[in-house]
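Analysis of the macromolecular model
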Amino acid sequence: MQQETILITGASGQLGSVLSKRLQDKFGVNNVIATDLRDNPSFVGQFEILDATDFEALTTIVIKYNVTQIYHMAAILSANGEKNPLLTWDINMKTLFNVLEVSRIHTISKVFFPSSIAVFGANVNRDNTPQDSNLTPSTVYGMTKAAGENWANYYYEKYGLDIRSIRYPGVIGYQSLPGGGTTDYAVDIFHKAIKNEPFECFLSEKTTLPMIYMDDAIRATIEVMDAPSVNIKTRTSYNVAGVSFNPEEITNAIRTIYPDFKVTYKPDFRQGIADSWPKSIDDTNAKNDWNWKPNYNLEAMTEDMIENLKATYLEKI
Ligand code: SER
């Protein structure tokens, strides 16, 4: 079997940090090159500071380590992106183009590009949103992901680049914090509950969104990358579903463990973004093509999240 060397961008991010560890387990600690914009002194393994908008810097690392696969996790997310739309476009697209080009030139064998439920906007059926829905994103982040999906497909069709992608729902995990997304509330709410503090939610109680537990999100990533190439019939990006719920439902799930947990609602600009996104996702194609199946429902996720977060907070005391 060929020795794989994995490069990951955005390795200090919410998904990137957990994915880096999973990839280390799979490929060996020394065969994963974690990169991010800033140094990460607590990272255990190979780490390089990398601004992925810098093509030369990216190329240097690819050559230095003889990289064979790239997971491109760096991006500015939906809510933060709205604060500076043009910069968000530049950064998300430039980093993707750099990854695509370095992969084409240095014949990288596989690339992972994360897309998002943010590709959907007006003109879709918001319940069980189909894979092939019209894409009219409401955020610049969603625009970069919709455009990115088409570029991924283009590099596959034109250059044969084996690039694979999933449309992540909002990701919930105890291991890391999200940075600047519209679904961040669903992580923050757990931290408040554990600390016995009240939570003010920036979305209204009935705002249902597609979410996924970190464990499922990471497994989906590994599974889509492990599937035989012929099975990957969607080269834009796969709809992937985990669990859908609204703030009221997650509050009730948390209250089975913390009955006195207090939540108030104060929707802000993120409400408009959430209202343009699906409530649930049809992931039939992912199921059929690479056997996708989530393991965590709301109850299982809540239990696991609280158990692990409690342990994390106890360690810090
Ligand atoms: N969780 C992301 C966000 O809220 C969606 O991809 O921006």
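Quick note: structure is the one above.
A brief look at the structure comes next. Since this is a predicted model, take the numbers as computed values, not measurements.

Here the focus is unusual backbone geometry. With a phi close to 40°, T107 is a non-glycine residue in the positive phi region. Mapping T107 onto the fold places it in the loop between α4 (85–105) and β5 (110–112). Despite not being glycine, N123 has its phi angle at roughly 75°, a positive value. Within the secondary structure layout, N123 lies in the loop between β6 (115–116) and α5 (140–159). Of the residues examined, N123 reaches a relative accessible area of 60% and is grouped as exposed.

Here the focus is empty space enclosed by the protein. Counted under the stated rule, the structure contains one cavity of 30 Å³ or more. Estimates place the volume of the largest cavity at around 40 Å³. Along its surface, the largest cavity is lined by H72, A74, A75, N92, L96, F113, T144 and K145. Elements with a contribution of two residues or more to the lining of the largest cavity: α4 and α5. Per-class residue counts for the lining of the largest cavity are four nonpolar, three polar and one charged.

Attention now goes to the sheet that holds β5. With respect to topology, six strands assemble into an open sheet ordered β3-β2-β1-β4-β5-β7, the strand pairing being parallel. Whereas interior strands pair on both sides, the edge strands pair on one side only; in this sheet they are β3 (46–49) and β7 (163–164). Each of β1 (6–9), β2 (32–36), β3 and β4 (69–72) touches helix α2 (residues 55–65); the most contacted strand, β3, lies at about 155° to it. Of the strands in this sheet, β4, β5 and β7 are in contact with α4, which crosses β4 at around 175°.

Another point: the site of the ligand. Taken together, the residues surrounding the ligand are L77, S78, S116, Y141, G181, T182, T183 and W277. Between the ligand and S116 there is a distance of 2.6 Å, counted from an oxygen atom to a side-chain nitrogen or oxygen. Within the backbone of T182, an N or O atom sits 2.6 Å from an oxygen atom of the ligand. Taking 230 Å² as the accessible area of the ligand by itself, protein coverage stands at 93%. One can see that the ligand is located within the largest pocket. Grouping the constituent residues of the shell around the ligand by class yields three nonpolar, five polar and no charged.

Reading the values: rules and limits
Residues numbered from 1 in each chain as written. Predicted model: local features only at pLDDT ≥ 70, side-chain atom pairs only at ≥ 80, totals over all residues. Heavy atoms only, no water. Helix = DSSP H or I, 4+ residues; strand = E, 2+ residues; numbered from the N terminus. Buried < 20%, exposed > 50% of the residue type's maximum accessible area, 1.4 Å probe, protein only. 1 Å grid on protein atoms, 1.4 Å probe; cavity = no way out; pocket = protein on both sides within 12 Å on 5 of 7 lines; lining within 4 Å. Points joined across faces, edges and corners; volume = space filled by probe spheres on them. Nonpolar A, V, L, I, M, F, W, Y, C, P; charged D, E, K, R; others polar. Pairing = 2+ DSSP bridges. Contact = heavy atoms within 4.5 Å. Axes fitted to C-alpha atoms, helices over the stretch in contact; angles between N-to-C directions. Near = heavy atom within 4 Å. Polar contact = N/O pair within 3.5 Å; in protein donor to acceptor, adjacent residues only side chain to side chain. Areas by Shrake-Rupley, 256 points an atom, 1.4 Å probe, with all protein chains shown as cover. Sits in = over half its atoms within 2 Å of the grid points.

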